[in-house]
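Listed here are the chains, written in short residue letters.
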Amino acid sequence: MVLKLYNTLSGEKEVFVPLKDKFAGVYSCGPTVYGFAHIGNLRAYVFADMLRRYLEFKGHIVRQVMNLTDLDDKTIRASKEQGMSLREYTDKFIRFFFEDIDLLRIKKADIYPRVTEHISEMVSMIKILLDKGYAYRKDGSIYFKVSEFRDYGKLAKIDPSQIKPGATVEADEYEKEDVRDFALWKGKKEGEPFWATDIGEGRPGWHIECSAMSTRYLGNTIDIHTGGVDNIFPHHQNEIAQSEAATGKKFVLYWMHCEHLLVDNKKMSKSLGNIINLREVLNRGYKTEVLRYLFVSSHYRSKLNFTWESISHASNTLDRLNQFVERLRDYRSETRDSEETALLIRKTAEKFESEMDNDLNSPGAFAAIFELVGRINPVLEDGSLSAGDAKQVFELMLKFDAISSILTLKEKAELSGKIETLITEREKARKRKDFKLADEIRKRLEDNGIVLEDTSEGVRWRKKF
Ligand SMILES: [Zn+2]
């Protein structure tokens, strides 16, 4: 089965063929570390993580790079307001960022380059652009000359002659020749951090950061570049212009963009006061896996409407899914294997993969899983599933969880050990005719979701649904 990915550049789903055999180089636009990431940012990072996990599932060797923007207008302004050095301030939010991605079970990228540690790479690229005539100097700053780059606007599907200031292009305080031109290098300003380099004193513009750092760690051409849809223009469009003008090579083979997350059908914004971060989700008593489940079960190219009601529903669904998988794991039966169940397992695995192969259609993949759950649950309940088949279903669920990473199974050994001890205690109490204690123990187990059944072979326990 072949993997197809939707490429923003072509506007089509394309078969994924990386540059070098099974190797896949992935660059993901990372956080600007001036505050907490909101759940919309986190959605894009979870998407990049699921993509990476699925590429690995398909046998690719992934090298993932994610930048940490610790130098731009926002980080400089915020650190000044807090009276902290830029380093101290951004270190703090980098720590919070890593906490967030751990909580969301995002696998660590191979490299997290920081802008402030890659100034020389940016300077080298800017020098090349100046030499080739793609850049010009003005009042101590250096700008990219958009009119020199033929394909400008291709990714964003924008006619360059239609670009106007304000709406689409940040009209900053810097003077440039053409409103579409963007700063590669910002000349030294009073009270701002600066670097003394071959191209002058100052600091890099935002867009050059990603071009220079991706080239350093992934080469001139990278297989996949991810980001949020709001990065398409101008950020990614400018990355293409800088990189392709500098190297003369195609910059990115597949551009993948994650859609917006809305809160109560509205875009998150400071003025609406509806910006939600991970801490708020935790404070309301939800496990972060539930948020991850909301993200991975919706398609990355669809807008996702977050509500507190939706996360509450998701929480219940995920609880049931966890119980289902725990029950499979702990299941015992003398029933024989069934051909029908074997076929169902095989079909589910195929459907899961074919849906994911179709531009990571995770809602379709989840539908296949839920259909399996719906069909296995009754035979699990009445004991007519074989232990071998239960094991196969369990393994399939784990395989699926290697990509979605949402399950939180309670430790079996620890749990069953505790339960067995309580059951023995209860048996002893019954033998002494201490029925009060025996009932108390039964009640305690029930409160923990364990039901005892007195059978001819002794006491058995099972999980309550
Ligand atoms: Zn970027």
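Residues numbered from 1 in each chain as written. Predicted model: local features only at pLDDT ≥ 70, side-chain atom pairs only at ≥ 80, totals over all residues.

So, on to the overall build of the chain. On a plain count of helices and strands, the chain comes out with 14 helices and 16 strands. Each principal axis of the C-alpha atoms in the chain carries an extent, and together these give about 95 × 50 × 35 Å. Classification of the 465 residues of the chain by burial places 37% in the buried group. Of all intrachain contacts in the chain linking residues separated by at least 6 positions in sequence, the fraction that spans at least 24 positions is 74%. (Helix = DSSP H or I, 4+ residues; strand = E, 2+ residues; numbered from the N terminus. Buried ≥ 20, exposed ≤ 12 C-beta atoms within 10 Å, placed from the backbone. Contact = placed C-beta atoms within 7 Å.)

Right, let's talk about the domain arrangement of the chain for a bit. As assigned here, the chain comprises domain 1 (4–258), domain 2 (280–404) and domain 3 (412–463). Just the C-alpha atoms count here: the centres of domain 1 and domain 2 sit 36 Å apart. In this complex, domain 1 contributes 17 residues to the contact, which on the side of domain 2 involves 16 residues. Elements supplying a minimum of two residues to the side of domain 1 that touches domain 2: strand E1 (4–7) and helix H1 (39–57). Here the element with the most residues in the side of domain 1 that touches domain 2 is H1; it accounts for 9 residues. In terms of residue class, the side of domain 1 that touches domain 2 is built from 12 nonpolar, no polar and 5 charged. (Domains from an automatic or database assignment. Nonpolar A, V, L, I, M, F, W, Y, C, P; charged D, E, K, R; others polar.)

Turning our attention to the sheet that holds strand E4 (residues 61–66). Here 4 strands make up an open sheet; going across it, the order is E4-E3-E10-E11 and the pairing parallel. The open sheet is flanked by E4 and strand E11 (252–258), the only strands paired with a single partner. Taken pair by pair, the neighbouring strands of this sheet meet at an average axis angle of 20°, ignoring direction. Examined bridge by bridge, strand E3 (residues 23–28) and strand E10 (residues 222–228) share 3 bridges and lie parallel to one another. In the strand pairing of E10, Val26 is matched with Ile224. In this fold H1 packs onto E3, E4, E10 and E11, with an angle of close to 150° to the strand it touches most, E10. The sheet contacts of helix H5 (residues 206–218) involve E3, E4 and E10, and relative to E4 the element is tilted by about 150°. (Pairing = 2+ DSSP bridges. Axes fitted to C-alpha atoms, helices over the stretch in contact; angles between N-to-C directions.)

Turning our eyes to something else, we now look at the environment of Ser79. Here Ser79 lies in helix H2 (residues 73–81). A sequence separation of 11 residues divides Ser79 from Thr90, and the C-alpha atoms of the two residues are 7.8 Å apart. Excluding residues that lie within four positions of it along the chain, Ser79 makes contacts with Met84, Ser85, Leu86 and Tyr89.

Look at helix H4 (residues 119–131) against helix H6 (residues 232–247): their axes get within 9 Å of each other, and the N-to-C directions meet at 70°. In terms of orientation, H4 and H6 fall into the roughly perpendicular class. In terms of crossing hand, the pair formed by H4 and H6 is left-handed. Contact with H4, carried on its side by Met125, Ile128 and Leu129, involves Gln242, Ala245 and Ala246 of H6 and no other residues of that element. Here the contact of H4 with H6 is built from residues that sort into 5 nonpolar, 1 polar and no charged. (Parallel < 35°, antiparallel > 145°, perpendicular 65-115°, else oblique. Left-handed = near helix turned anticlockwise from the far one by under 90°.)

Let us now look at the nonpolar core. Counting 106 residues, the largest nonpolar core has Val46, Ile126, Leu129, Phe144 and Leu184 as its most contacted members. At 11 residues, the largest contribution of residues to this core is made by H1. In contact with Val46, other than residues within four places in its own chain, are Leu104, Ile106, Arg292, Phe295 and Val296. (Core = buried A, V, L, I, M, F, W, Y, C linked by C-beta atoms within 7 Å.)

The next subject is unusual backbone geometry. The phi torsion of most residues other than glycine is negative, and most of the peptide bonds are trans. A cis amide bond links Phe233 with the next residue in sequence, Pro234, at an omega value of 0°. If you trace the backbone, Pro234 turns up in helix H6. In this structure, Leu360 is a non-glycine residue whose phi angle is positive, near 50°. In this fold, Leu360 is placed in the loop between helix H10 (339–357) and helix H11 (362–381).

Turning to the pairing of strand E9 (residues 200–204), a few remarks are in order. Direction of pairing for strand E7 (residues 182–187) relative to E9: antiparallel, over a ladder of 3 bridges. Residue pairing across strands places Lys186 opposite Arg203, the latter belonging to E9. In this sheet, E9 lies alongside strand E8 (residues 195–197) in antiparallel orientation, the contact comprising 3 bridges. Within the sheet, the bridge partner assigned to Thr197 lies in E9 and is Gly200. Connecting the antiparallel pair E8 and E9 is a turn made up of 2 residues.

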